[in-house]
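Residue-level listing of the chains:
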Amino acid sequence: MTSTDLLDPKGTSARVLLSISTLLPLFPPSLIEVVVIYPRLPRELDWNCLPKELKQMAEMRIHSGYEVEDAYKIYGVNPDDGVLAVIRPDGCVGVISRLDDIPRLEAYFEKCMKKPGKAPTLPNHN
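Residues numbered from 1 in each chain as written. Predicted model: local features only at pLDDT ≥ 70, side-chain atom pairs only at ≥ 80, totals over all residues. Heavy atoms only, no water.

Peer 1: Hey, could you run me through the overall build of the chain in this one?
Peer 2: The number of helices and strands found in the chain is 4 helices and 4 strands. Its helices and strands in sequence order give the chain the pattern α-β-α-β-α-β-β-α, from N to C terminus. Per-residue burial for the chain yields a buried fraction of 36% across its 126 residues. (Helix = DSSP H or I, 4+ residues; strand = E, 2+ residues; numbered from the N terminus. Buried < 20%, exposed > 50% of the residue type's maximum accessible area, 1.4 Å probe, protein only.)

Peer 1: I keep staring at the pattern of salt bridges and nothing clicks. Help me out?
Peer 2: Pairing between side chains of opposite charge can happen when the charged atoms of each approach one another. For the structure on display, the rule yields 2 salt bridges. Of the charged contacts, one joins D100 and R98 as a salt bridge, the two residues approaching to 3.0 Å between their closest N and O atoms. Judged by its relative accessible area of 42%, D100 is partly exposed. On the basis of relative accessibility, which here comes to 55%, the residue R98 falls in the exposed class. (Salt bridge = Lys/Arg side-chain N within 4 Å of Asp/Glu carboxyl O.)

Peer 1: Can you help me understand the nonpolar core in this one?
Peer 2: It is characteristic of soluble globular proteins that their nonpolar side chains tend to be buried jointly. Counting 22 residues, the largest nonpolar core has I20, L84, L105 and F109 as the members making the most contacts within it. Those elements that provide at least two residues to this core are helix 1 (12-23), strand 1 (36-38), helix 2 (52-58), strand 3 (84-87) and helix 4 (102-112). Counting residues in each nonpolar core, the second largest holds 5 residues, with M1, A71, Y72 and V83 among its members. (Core = buried A, V, L, I, M, F, W, Y, C linked by side-chain atoms within 4.5 Å.)

Peer 1: I keep staring at the side chain of S97 and nothing clicks. Help me out?
Peer 2: Within the element layout of this structure, S97 appears in strand 4 (residues 93-97). Apart from residues lying up to four places away in sequence, S97 is in contact with V83, L84 and R104. (Contact = heavy atoms within 4.5 Å.)

Peer 1: Quick question: what am I supposed to make of a nonpolar patch on the surface here?
Peer 2: A grouping of I87, V93 and I96 is seen on the molecular surface, where their side chains present a nonpolar patch of about 280 Å² in accessible area. Residue classification places I96 among the partly exposed positions, given a relative accessible area of 45%. (Patch = residues over 30% accessible without salt bridge, like charges linked within 9 Å, V, L, I, M, F, W, Y side chains within 5 Å. Areas by Shrake-Rupley, 256 points an atom, 1.4 Å probe, with all protein chains shown as cover.)

Peer 1: In this structure, what is going on with the pairing of strand 4? I would like to understand it.
Peer 2: Look at any regular strand and the pattern is simple: side chains alternate between the two faces of the sheet. Relative to strand 4, strand 3 is paired through 4 bridges, and the arrangement is antiparallel. Bridge pairing links A85 to I96 in strand 4. (Pairing = 2+ DSSP bridges.)

Okay, structure coming up:
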């Protein structure tokens with residue numbers, strides 16, 4: 001859930017999206033789906049105003065927090081602050097943190113998933 005500053009290139013939301021775009025490639029891409037909720041998504045949005053990282057990670061998964069029901073109100077999130085949340089495949093909340101607390105997000109992912117990379121080298125017993 002981004003904060004109200006998503007369209008400001010120097011805002012917290014844009015900086016967080018940049019950080020997330022460098023964090024997510026460290027983990028298996030098939031296990032993570034980015035969904036973005038913006039509190040005041042206008043009906044007529046100039047997509048060029050959105051951070052490029054957002055379009056790369058979550059194109060077609062950007063939603064208004066005020067559609068149908070007010071998601072920010074339901075979850076008790078201040079739209080001026082935003083929040084990071086990881087929802088597990090079983091629908092439970094895995095972690096929730098301040099919007100700019102990327103280290104907490106990374107620590108959670110590291111507990112749940114292995115970073116892809118080289119297989120460990122076994123000792124040679126010749």
